[in-house]
Amino acid sequence: MIVLGIDTSGYTNAVGIVDGDKVLADFAYEAKMDSLQRIVADIDATLKDAGLALSDVEGIGVGLGPGSWTGIRVGVTVGKMLAFASGKPVCGVPTLEVLAFTARDGSRPICSIIKVGAGDAVYAACYHPEGDFLDRIGDYYVGDVKGLTGMLTGSTVLAGKDVKEYARVIRKESGTNVKAVEAAPGGAVVACLAAQRFARGEKDDVLSLTPLYLKESTAKAFVNKYKRGHA
Amino acid sequence: MLVLGIETSCDETAAALVADGKDILSNIVATQFDLLKKYGGVVPEIAARRHTELIGYTVEEALDKAGKTLDDVEAVAVSSMQGLIGCLMVGVAAAKSISYARGLPLIGVHHVEGHIFANRLSNPDLPFPHVCLTVSGGHTLLLYVKEESSYELLGTTLDDAAGEAFDKTAKFLGILYADRNTGGGRAIDELSRKGDRLAFNFPRPMLRNKTYDFSFSGLKTSVINMFKDRIAAGKKLPLADIAASFQEAVVDVLVVKTLRAADEYGVKAVSVTGGVSANSRLRSAFEDACAAKGVAVYFPSLSLCTDNAAMIAAAGHARLMRGEVSGLRLNVVPNSPLEGLDERDIN
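Residues numbered from 1 in each chain as written. Chains lettered and ligands numbered in written order. Predicted model: local features only at pLDDT ≥ 70, side-chain atom pairs only at ≥ 80, totals over all residues. Heavy atoms only, no water.

**Student:** Just checking my understanding: could you explain the interface of chain B and chain A for this structure?
**Tutor:** By a widespread convention, an interface's size corresponds to the accessible area lost as its parts come together. With 37 residues of chain B at the interface, the matching set in chain A holds 36 residues. Buried surface at the junction of chain B and chain A, summed over both partners, amounts to about 3300 Å²; 68% is from carbon and sulfur atoms. Here Arg73 of chain A and Glu45 of chain B are joined by a salt bridge, their closest N and O atoms 2.9 Å apart. Between the two partners, chain B and chain A, sit eight residue pairs in polar contact (both at pLDDT 80 or more). If one sorts the elements of the side of chain B that touches chain A by residue count, helix 2 (residues 44-66) of chain B sits on top with twelve residues. The residue makeup of the side of chain B that touches chain A, split by class, is 21 nonpolar, six polar and ten charged. (Contact = heavy atoms within 4.5 Å. Buried area = accessible area lost by both parts, 1.4 Å probe. Salt bridge = Lys/Arg side-chain N within 4 Å of Asp/Glu carboxyl O. Polar contact = N/O pair within 3.5 Å; in protein donor to acceptor, adjacent residues only side chain to side chain. Helix = DSSP H or I, 4+ residues; strand = E, 2+ residues; numbered from the N terminus. Nonpolar A, V, L, I, M, F, W, Y, C, P; charged D, E, K, R; others polar.)

See below:
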């Protein structure tokens, strides 16, 4: 099955194409607040480079985030509306799972991490490899890296951007030595994970597909400003 | 030529099907009223999240209501200029995707140009040149419209938009009803009908100022101060009279300056558009003033006054007819001057 995968949730924007086990294209670039401007043109170029048209694509995979709220919205809206307009099925894939899949190492558990904007907090999730698949263990986590220590063992692989620094913090906090593996969300991995779901007969409802923000917007600051005489 | 219009520039997710730039086959608007009430205004991040949730459903409903499918759509027009950046992005992302998947031309539209076209949709006989007053929650602009898509900005608000002044005053007066889908403008309009618009003489900001600019935040402050003074003096607070008098001050300034512009530019037609153009007192005041001067006045139908996608489809259609098409790299421009639009690359 030819599957197109995209992810615009973070530092890199990615477009990939797989056909069953084969990677036909895997294009990524450093995002510079230009994902909206580029993404559809990049999808078109990636398809053309692989000798394909959108009509050849049989399913669409979309990275759901977490990450940049604006970035995720671009990817998810493009993914679902491409699916809607072309009549293809769509599958959302959490970006944390994409990172974990990229960094998987035998049967070692994986904890993938994405930084929350500015500040020290992180989004995280833990996964356990089950054959070709990944099972998430427990809930998504949002908070300080130190709060993760209870979920990690010496055999855990930490996956994400700049994770060596987080591994250092964890070692200092709990003495646990985790293996740090740099990983970025790739389009081909998104496509691959979506293909797994399609093969199991799973797909998402096109119109209701929404981002995985994991964090509410801070409306309080706005409300306070409004009350303080700016009204 | 069937155009799908998409509009997500502020807090309304809208989609519409318009044929030949003039026949509205469907006009769907999903308003985020519950969120407005909760936060007292538009929180851009929350609005953008809602757009993402609603955009697919809104487009599908527009197609269903029109009895059409994407096979029938021949072009996609989307608000890409002027509005909240995160909100605009959702509409543009959706429009681009539909355009690419179907091989349809894509046209980025300036949101305010949409409002100007809203009046052409309702009044195909609206002549050129004319003076156009666009008044909404987000904009107050006075324009000289020489010919189609040729705009000269005469004046704008220096602070609050007129619609914003209505919303904030309604909120201050406590007349926003939690159980009804009514914005501040409509609440004041309805309450004012029971009040005496001459009961209080609020200042008419910048009425005698030589420019065509407006200012409304000072007027709102006057209402608040008068309110506090009356409470301190133990006097009654006749809300209907206060609302009607506030409304009269806004209407007065808008009518007088628009007609002054019409006079200076020698036009015989005035177009009043945008959400505030739905106001019944504004309409009757303009009708009276224009009749006295022998000038024709045009308003959009009520459903086309507030933000909608039919106006975007109509504006997009006009641009498409002139061969102005955007590419797949169409980006959003949150702050985009209307002037010189015809000379700028809309990509």
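On we go.
**Student:** In this structure, what is going on with helix 1 (residues 35-49) of chain A? I would like to understand it.
**Tutor:** Structurally, the α-helix is built with 3.6 residues per turn, so residues lying three or four positions apart point the same way. A rise of 1.5 Å per residue sets the reference length of helix 1 of chain A, with its 15 residues, at 21 Å; its end C-alpha atoms lie 20 Å apart and thus fit the reference within 8%. Maximal helix bending in helix 1 of chain A amounts to about 25 degrees, located at Ala41 of chain A. Of the residues making up helix 1 of chain A, those classed as buried are Ser35, Leu36, Ile39, Val40, Ala41, Asp42, Ile43, Asp44, Thr46 and Leu47 of chain A. Contacts made by the buried residues of helix 1 of chain A are with strand 1 (2-7), strand 2 (12-19), strand 3 (22-30) and helix 2 (69-86) of chain A together with helix 3 (85-102) of chain B. Of the residues one or two after helix 1 of chain A, Gly51 of chain A is the one with positive phi, at around 70 degrees. (Expected span 1.5 Å × (residues − 1). Bend = angle between axes of the 7 residues up to and from the residue. Buried < 20%, exposed > 50% of the residue type's maximum accessible area, 1.4 Å probe, protein only.)

**Student:** Any chance you could explain the sheet that holds strand 1 (residues 2-7) of chain B here in plain terms?
**Tutor:** Note on sheets: strands pair through backbone hydrogen bonds, and any given pair is parallel or antiparallel. Residue and element names in this part refer to chain B. The strand order across the open sheet built from five strands is 3-2-1-4-5, with neighbouring strands paired in mixed fashion. A single partner strand is all that each edge strand has here, and the edge strands are strand 3 (23-31) and strand 5 (106-110). The average undirected angle you get between the axes of adjacent strands in this sheet is 20 degrees. Summarising the sheet, strand 2 (residues 12-19) and strand 3 pair through eight bridges and their orientation is antiparallel. Bridge pairing links Glu12 to Thr31 in strand 3. Running over the sheet, helix 2 touches strand 1, strand 2 and strand 3 and is turned about 25 degrees from strand 2. (Pairing = 2+ DSSP bridges. Axes fitted to C-alpha atoms, helices over the stretch in contact; angles between N-to-C directions.)

**Student:** Can you walk me through the confidence of the model for chain B in this structure?
**Tutor:** Note that predicted coordinates carrying low pLDDT should not be read in detail. This prediction gives chain B a mean pLDDT of 92; 94% of its residues lie at or above 70. Across the assembled chains, the prediction reports ipTM 0.93 with pTM 0.93. (pLDDT = per-residue confidence, 0-100.)

**Student:** Please clarify how the pairing of strand 5 (residues 90-93) of chain A should be interpreted in this entry.
**Tutor:** Within a regular strand, the side chains alternate between the two sheet faces. Residues and elements named next belong to chain A. Neither face of strand 5 is left uncovered, since the one carrying Val90 and Gly92 and the one carrying Cys91 and Val93 both have all their residues buried. The sheet contact formed by strand 4 (residues 59-63) and strand 5 spans four bridges and is parallel. Paired with Gly63 across the strands is Val93, a residue of strand 5. With helix 2 bridging strand 4 and the parallel strand 5, this β-α-β connection has right-handed handedness. (Right-handed = clockwise from strand over helix to strand, strands pointing away.)

**Student:** Sorry if this is basic, but what is going on with unusual backbone geometry here?
**Tutor:** Glycine aside, residues mostly have negative phi angles, and peptide bonds mostly take the trans form. Of the consecutive residues Gly65 of chain A and Pro66 of chain A, the connecting peptide bond is found in the cis state with omega at 15 degrees. Position of Pro66 of chain A relative to the elements: it lies in the loop between strand 4 and helix 2. Each neighbour pair has its own omega, and for Phe128 of chain B with Pro129 of chain B the value is -10 degrees, a cis peptide bond. The residue Pro129 of chain B is located in the loop between helix 4 (111-122) and strand 6 (130-135) in this model. Residues other than glycine seldom take positive phi values, yet Met33 of chain A does so here, at roughly 55 degrees. Positionally, Met33 of chain A belongs in the loop between strand 3 and helix 1. The exposed category is assigned to Met33 of chain A, whose relative accessible area is 85%. One non-glycine residue, Asp162 of chain A, lies in positive phi territory at about 55 degrees. Secondary-structure assignment places Asp162 of chain A in the loop between strand 9 (157-160) and helix 4 (163-174). Here Asp162 of chain A falls in the partly exposed class, since its relative accessible area comes to 45%.

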